[in-house]
Amino acid sequence: MHDPKMMDTIENGGGFIAALDQSGGSTPKALRGYGVEENAYANDDEMFALIHGMRSRIVTAPSFGSGKVIGAILFEKTMDGEADGKAVPSLLWERGVVPFLKVDKGLEDEADGVQMMKPMPELSALLERAKAKGVFGTKMRSVINLASPSGIAAIVKQQFDVAGEILDHGLMPMIEPEVNIKSAERAQCDAILLQEITNQLDALPADRKVMLKLSIPAEANLYTSLVDHPRVARVVALSGGFSRDEACSELAKNRGMIASFSRALLQDLRHPMTDAEFDASLGEAIDQIHQASTVKG
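What you see is a predicted model, and the numbers here were worked out from it, not measured in a lab.

A. Just the environment of Phe261, in detail. When you line up the elements, Phe261 lands in the loop between β11 (258–259) and α11 (263–266). Distance in space between the C-alpha atoms of Phe261 and Lys5 is 23 Å, their sequence separation being 256 residues. The residues contacting Phe261, other than those within four sequence positions of it, are Ile17, Ala18, Ala19, Ala237, Leu238, Ser239, Ala247, Cys248, Leu251 and Ile289.

B. Summary view of helix α3 (residues 44–60). The terminal C-alpha atoms of α3, which comprises 17 residues, lie 24 Å apart, in line with the 24 Å expected from a rise of 1.5 Å per residue. Every buried residue belonging to α3 is among Met47, Phe48, Ile51, His52, Met54, Arg55, Ser56, Arg57, Ile58 and Val59, and all of these are buried. The backbone nitrogen of Asp45 lies 3.2 Å from a side-chain oxygen of the residue at the head of α3, namely Asn43.

C. A look at the packing of helix α10 (residues 244–251) against helix α12 (residues 275–294). The contact between α10 and α12 brings their axes to 8 Å, and the two run at 20 degrees. Classed by the angle they form, the pair α10 and α12 counts as roughly parallel. As for how α10 packs across α12, the hand of that crossing is left-handed. Where α10 approaches α12, its residues Arg244, Asp245, Cys248 and Leu251 are matched on the opposing element by Ala285, Gln288, Ile289, Ala292 and Ser293.

D. Region of interest: the packing of aromatic side chains. As enumerated under the stated definition, the model contains three aromatic pairs in all. A centroid spacing of 5.7 Å and a plane angle of 25 degrees characterise the contact between Phe48 and Phe75, whose relative ring orientation is stacked. In this pair, Phe48 is assigned in helix α3 and Phe75 in the loop between β2 (69–74) and α4 (76–80), connecting sequence segments 27 residues apart. A relative accessible area of 15% places Phe48 in the buried class. Positioned over the ring face of Phe48 is Lys77, at 5.1 Å from the centre of the ring.

E. The environment of Glu185, seen in detail. Inspection of the secondary structure assignment puts Glu185 in the loop between β8 (172–179) and α8 (186–202). Among the residues examined, Glu185 registers a relative accessible area of 29% and is labelled partly exposed. Along the sequence, Glu185 and Leu212 sit 27 residues apart, while their C-alpha atoms lie 21 Å from each other. When residues no more than four places from it in sequence are discounted, the contact partners of Glu185 are Leu146 and Ala147.

Criteria and cut-off values
Residues numbered from 1 in each chain as written. Predicted model: local features only at pLDDT ≥ 70, side-chain atom pairs only at ≥ 80, totals over all residues. Heavy atoms only, no water. Helix = DSSP H or I, 4+ residues; strand = E, 2+ residues; numbered from the N terminus. Contact = heavy atoms within 4.5 Å. Expected span 1.5 Å × (residues − 1). Buried < 20%, exposed > 50% of the residue type's maximum accessible area, 1.4 Å probe, protein only. Polar contact = N/O pair within 3.5 Å; in protein donor to acceptor, adjacent residues only side chain to side chain. Axes fitted to C-alpha atoms, helices over the stretch in contact; angles between N-to-C directions. Parallel < 35°, antiparallel > 145°, perpendicular 65-115°, else oblique. Left-handed = near helix turned anticlockwise from the far one by under 90°. Phe/Tyr/Trp six-rings, centres within 6.5 Å; stacked < 30°, edge-to-face > 60°. Lys NZ or Arg CZ within 6 Å of the ring centre and 35° of its normal.

See the structure below:
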């Protein structure tokens, strides 16, 4: 069901996945980081045009096609847009970058120590549209703040239930139950999450695989059994509020995990840069994250 070349790139590629999927709520913060203040746009359309310009600049930069980025997670408007005169998913794959789509609609308020995903009533139609555009997989995020066994079990079940629908549409689900790295119970959250994910993976049919996007664990190599699990195509790590230096240092301690960074990838990019300066800064970030993903110390 999955494109075999894309599947091989994701399972075996020596690189990392760029997260370019800031949604409406997080776009103003992403633009501020890029050097674009809120007075630079008057409405959502202008705001999304600016963030699309930033993303287009990233995906068309020479360094982005270096072979070190093997995947990119897109926001829906980016999937529907163009860069360099081409549909973004098509342009990415021409550059050897497998396209993914963020499909969740944000988070519920915290309950039982976690934030579940909001309902996704239009998911099926979105998945069909993504498939038609050449998208390989999806990503969906929920958040764990406290070491609540019942809360974490509920989050993981919800993730795997939705993953089943995504697999039914021929797409690869990237499951992201993020552990808040600032939680005082971070290590306990990691341990409970590991057990709940393992239970769900063990129950999957032999012909199904998922991807996991996880916070870098407090204990190095805690997730090695997930990396090696036959139902897992790849385990990727989110930067979760770490700076790029911190995230890369922590990631490098974990065998088999590769990066799927957002802010840590983009943190030094600025709107006023010349194209050469922009590509040089992006290339430096890509090189550092690639090394942390492929060379483990």
